[in-house]
Amino acid sequence: VTTTDPGGAPGWSTLGGSENRSASTTMVGATVDQLVWEGCLGSGAVRTGPVVSEEVVDVATVTGGLYALNQSSGRILWHRSVGPDPTTPDVSGGLLLVGSADGNLTALSAGNGSLLWSEGVPGGVAQGVGVAGGSAYIATVTGHVLALNLSDGSTDWSVSVGAPVSGAVALSGSTLYVATTGGSVLALSESDGSVRWERALGSPVDAAPAVYGGLVVVGDRSGNVSALRADDGALAWRWSARSLVPYDAIASTPSVSPGRVVVSTDLGEIVALNASDGSLLWNQSAPYSGYPVTAGPVTTPGLVYAVGGATLLEATELSTGAVAWSTTLDGGSASQSPPAVVGQELIVGDDAGCVVDIGRAGGPPAWPVAGVVVTPSGAPVAGAEVAADGDGTTTGTPGTFQLELANGTYPVYVDKAGYVERIFELTVDGPVTNLSVVLSPLPLFHLDGRVTDEDSGHGVAGAVVDLQGEDGYRASTVTDRQGDFEILAGNGSDTLDVLPPAGYGEAELSVTVDGAALSGVVVPVAPSGVSVPGGDPFRLDLLLPFGGIAVAGLGLWVVDARARRRAAGLPPAILSRFGQYVAMRLALIPGEVVAVLLILYTFGTFLPAAATGANLCSLSGGGCTACSWSDPACVAGAFGNGFGTFLVRLVTGNWGFASYGALYEPAAQLLAWWLPDSIELAIVALALSVAIAYPVSILSSARPDSPTDVGSRLGSTLGLLVPSFLVLLAIYGVAYGVFLRVLGDSPYGLVPSAVWLFDHGGNPSWVGIAGNTAPTGFPIVDSLLHRDWAFAEIAITKTLLQAAVIALIYVAIYLRHLRGVIARAMTAPSVVAARARGLSERTILWRHGGRRLLPTYLLVFGSTIPAYVGAQALVEAISNDTGLGTLLLTEVVQAPSTGFGFLRGAEPSGNFYQVAIFLVVLLVLATRLAADVLARYLDPRMLDEVAR
Amino acid sequence: MTGWEEMVHAEISESEAEARWSDRALGRGRRAERLRRNPSLVAGLLLLAGFVSVGVGALVAWGNGLANLPTYGALAVAVDPPGPSPAHPLGVINGVGVDVLEGLLRATPFDLGLVGGPILLAALIGGLLGTYAGFSLGWVDVVVTGASDVLVGIPSFLLIFVLYFGVVRWVPIPDRLLLFGLLFAAILWPYYARPVRALALEVSGERYVEAARAAGASRRRLVTRHVLPNSLAPLFAQAPVDVYTIFFVLTVFPFLGCFSPLSTLSVLPTTAFPEWGNLLALGACHGWSFLSGIDFWWMYTFPLAAIVAFGLMVSLVCDGADRYLSGR
């Protein structure tokens, strides 16, 4: 059995370099990005890893071509067709084994490609083949691990591992290790396939495990890297990529080398962890950011290689995470297998169907030329380009670089944006170790300014400002929350290109820097026809039809009521008793609204500002003469001004930005995206609550102290006291496995989740970046409109699950408030009369009691609506799903660190958490009003109770 | 007048109202008899006595160092954290490395104060203001009704957030728990005052009050002897709900903070502060993840049990007291 490969002939004969899939080697690898050869096969993309053995490179293409190339020249030695979507080949003892998606495992002679045998494997072979002793070990897409006899392909044994496998089997000692998409890692005996241990990880694993140094390391779709002890499967440590990037996942095999585990993630991170405890050593994301790094990384003692960002091949220093060199692959790469390392070369295939050999081949001896780039004052310059004779690199963090140059004299070119370019002659006749290059900075001057909204004059946050100087100098920055930016500009004429967030047009401005810093540059940007900063317009006009219907209904009702009063011979009145009640309630609303706003402003903005002695002018957004906190008249004026500004911003929808995960959008925009989700959930959850509360309350009121009554009382007490997030997590814990199995999705997170998207090849076109759907915004409705059943399935299931939890929490609160008042209904005269008429208790209970209770239910609903809003907000937030509740709690939770109202820069007189709370209060007031009015409409006797 | 006060007072029939607080007229024997027929009250009082004795014990044992819950770095291990064992009878919460039993014991005095205090204070303010408002119907009534209309309209967990973080910078750190309790009482009193006011309004019109007035009782005597005692039933219905309200804030904010590194949202001075809700949040956060299949049940079960027992105690005492005083 091959373990690591330190002593033997240089080779990379299987997936991950050796049968233990550790993707690490003691070979040097490519320390420079010099192209040795490139050969294009013209047979479709290369998406498997090349393998190298005995100076021969074997590589398979997606169309099923298997090619053997000469390692030093790239010349094709032989080729053969082996079936579609082949796996990474495995070369061992003159035998080449390769599997394919059509379910064949083929054994060829490694020397000339002649067919030795081919064996059908039901379901197709997973990513790679393992060879040890006289057997080939493969995992299948149908969830089996097979041992095949190398001589004739006959099956020695076959065991089921319970779930489909998409990665290869790893071998170490006499044990096979396999990770399944069911989220388990299993250790099997090599001799008979018996299970030595099994460990559930809880999340699907899509690639082979890496076995090294007594650890089995796997990455899963939830972004966890788990290290299990190879001997008993106990969890040694676990680290989550989601601690760096939300929703990240891992679909490749980690690379494990002495002391280090390196993983690449779906969202473009390369991460190095300490192999002994899983602590983070470094992570590197910039060049890959947002692009999946689907090929697992490969480590040599000095470097990490990874393919990502569609076209980028990059080598990173293993100890520091600094980029050693990087190059682009012309065809791009979606390879799922790591590149091969042999000697001082790196061999990788790309999507254009080409194989590239990078590193240093033979030729004249090249000497390392190492040095450092510094400023005249001696400070190191990182990121400077250094190039000579076709070899080029970029200086690392301490300004160091290394080139490989043969004997001769070369012009050396050193440059970095913002510095004066340098070219000098260098004669090489041996290793150069201490070359020092001085690079003088261009004269640069501070330039600061603000990007503003042309109409309102307020700052525009998140705008990208690109500066181009006369000499090709470029710099770029992004405006902060106040819309301010600061940038270094070259002397002379500079052009500022401003790319504001959505909702504004681009702008360009020329400025002249004349040997001194320049400040106060204002770049106005024009809103592109929207009323909300940076987003789709808030479609208030959609509410017009509802308003019209409401007005018409009210009119009809007034006419009808007056006619009835006349018919009944009642004295004409401007308003009926009911009308008077409605008018009284409506008249109270403005007072309540102003009081709530005063509380929000005083406690959310004014008092924190006073406590820190902030500039009083900042309350009203500037523009007043400064005065002190010791002057009461001035403080009162500032309070008034600030409150006025707060109100204006609130009413005009100027609510600033809100963030959620990676999203940073205008608050009104997020609200417009997510409000329909909350409404949808509320409709389902309230319906469910009614379905539970109605029968339970009637049954318990019918027989006080009956089991139903005691049960509902106990249930509601427990429901109140067990925190709702625990209820939620308990339900999710139970539902999680079922969800994954049945729907291929996690019940937790945005709809659809990253896991689901991964399996369904990305978002449907009608789903936006924030999980917002088009055209109606209601995910269930939209998915049905688009006939996307898979999406509808998860949207409905998640909504039902969340609604069930909300109903559980809310019904507990509701019943608690309902207790006591409900028994009265059963002693009402109508019930007594019904009983006297000899009606059955059942009829009395459901017909008389139930009907009479309806207005009471409405009243209790009106008074418990704040509790309902709280329950739904919490469920949305804990589920990490879209909705007003998530937005509200995220803002509230972040408020102390992002700053309260007055601290939040661009919105000194308000903060979105205040707006969010105010919107909730409006909702509560409106619902309470509606519930109370409706209750009195249904049971006019309640008007008498009020009058008394 | 909007809410459900009409319903709450309506459950109490006139005869029941008259029977309330007539306990003084009863002999010692009848009192004992009524106590025997009221197992909720007995059970609740026994639980209360248990909590108080644990609290006093903790105060005596730890004194001024009560809040300094030790965190053992050696126990904050990610793999195989110690469960219930002789050394740690209720196990250990990893991540912070806190002994669960010690945390729960130290937390008892704090929770009795943080949860019991605001409820008692709110019930006191709400009961007095509500009774007086319902009886006098003057400007006090306008203030009580208006203030409660506004305060009850804002979900209380959001309101406490706004108020607490609005004034917290003015208050030195050792006094912030007191501030939290006082603010919670300031938020909760309308929930008591509204139904009490509605009941007092009705009671003020009852015949026995008219009779007392005709007999020449002073206003003060009318309020304290007749209206007030007969208007307090809603307090017992509301108090158990507020146990939930306060624990919601104490638990949910630390729990959300556990996932959001941005969050500094806690009303407690330290992360590992001995407080049941906080311990529950820490336990749920470190002891349970359905995503990774981790389940260290002892980390959240025992704090949860403490909270449930406390809530059950308040429920039993309130239901029992209501039943006892109304003579049912």
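Residues numbered from 1 in each chain as written. Chains lettered and ligands numbered in written order. Predicted model: local features only at pLDDT ≥ 70, side-chain atom pairs only at ≥ 80, totals over all residues. Heavy atoms only, no water.

Student: Please set out the overall build of chain B residue by residue, giving values where relevant.
Tutor: The helix and strand tally for chain B stands at 13 helices and 4 strands. A burial count over chain B gives 58% of its 328 residues as buried. Counted over contacts in chain B with a minimum sequence separation of 6, partners at least 24 positions apart contribute 76%. Per element, the accessible surface of chain B, about 13,100 Å² overall, is 66% carbon and sulfur. (Helix = DSSP H or I, 4+ residues; strand = E, 2+ residues; numbered from the N terminus. Buried < 20%, exposed > 50% of the residue type's maximum accessible area, 1.4 Å probe, protein only. Contact = heavy atoms within 4.5 Å. Areas by Shrake-Rupley, 256 points an atom, 1.4 Å probe, with all protein chains shown as cover.)

Student: So what about the nonpolar core? Which residues, and what values?
Tutor: Counting residues in each nonpolar core, the largest one holds 167 residues, and the members touching the most others are Ile-917 of chain A together with Phe-180, Tyr-192, Trp-276 and Phe-310 of chain B. The element that contributes the greatest number of residues to this core is helix α12 (residues 841-879) of chain A, accounting for 14 residues. Setting aside its immediate chain neighbours within four residues, Trp-276 of chain B contacts Phe-51, Leu-104, Ala-107, Thr-108, Asp-111, Phe-247, Pro-303, Ala-306, Ile-307 and Phe-310 of chain B. Counting residues in hydrophobic clusters, the runner-up holds 30 residues, among them Val-46, Leu-303, Tyr-305 and Ala-340 of chain A. (Core = buried A, V, L, I, M, F, W, Y, C linked by side-chain atoms within 4.5 Å.)

Student: Can you tell me about the sheet that holds strand β24 (residues 270-274) of chain A, naming the residues and giving the values?
Tutor: Residues and elements named next belong to chain A. Strand order in the open sheet formed by 4 strands is β22-β23-β24-β25, with antiparallel pairing between adjacent strands. Strands at the two margins of the open sheet, each flanked by one partner only, are β22 (255-257) and β25 (280-284). Neighbour-to-neighbour, the strand axes of this sheet turn through a mean angle of 15°, independent of strand direction. Direction of pairing for strand β23 (residues 260-264) relative to β24: antiparallel, over a ladder of 5 bridges. Considered in β24, the bridge of Val-263 is made with Val-271. (Pairing = 2+ DSSP bridges. Axes fitted to C-alpha atoms, helices over the stretch in contact; angles between N-to-C directions.)

Student: Pulling in residues and values, what's your account of the pattern of salt bridges?
Tutor: Side-chain pairing between opposite charges can occur once the charged atoms of the two side chains come close. Residue and element names in this part refer to chain A. Throughout the structure, instances matching the rule amount to 8 salt bridges over all chains. Where Arg-221 meets Asp-206, a salt bridge forms, and the shortest distance between an N and an O atom there is 2.8 Å. Of this pair, Arg-221 sits in the loop between β19 (215-219) and β20 (224-229) while Asp-206 sits in the loop between β17 (195-200) and β18 (210-212), placing them 15 residues apart in sequence. The burial state of Arg-221 is the same as that of Asp-206; both residues are buried. (Salt bridge = Lys/Arg side-chain N within 4 Å of Asp/Glu carboxyl O.)

Student: Hey, could you go over the sheet that holds strand β21 (residues 235-240) of chain A for me, with residue numbers and the actual values?
Tutor: Residue and element names in this part refer to chain A. Spatially, β18-β19-β20-β21 is the arrangement adopted by the 4 strands of the open sheet, whose pairing is antiparallel. Looking at the sheet topology across the chains shown, the edges are occupied by β18 and β21. Along the sheet, successive strands turn relative to each other by an average axial angle of 15°, direction set aside. In the sheet, β18 pairs with β19 via 3 bridges, with the strands oriented antiparallel. The residue of β19 that forms the bridge with Val-211 is Val-216.

Student: Run through the packing of helix α14 (residues 912-938) of chain A against helix α7 (residues 156-167) of chain B, naming residues and quoting values.
Tutor: The contact between α14 of chain A and α7 of chain B brings their axes to 11 Å, and the two run at 145°. Along this stretch, α14 of chain A crosses α7 of chain B, giving a crossing that reads as left-handed. Within the contact between the two elements, α14 of chain A uses Tyr-913, Ile-917 and Val-920 of chain A and α7 of chain B uses Leu-158, Phe-161 and Val-162 of chain B. Along the lines of polarity and charge, the residues of the contact of α14 of chain A with α7 of chain B split into 6 nonpolar, no polar and no charged. (Left-handed = near helix turned anticlockwise from the far one by under 90°. Nonpolar A, V, L, I, M, F, W, Y, C, P; charged D, E, K, R; others polar.)

Any functional reading would require information that these geometric values do not contain.
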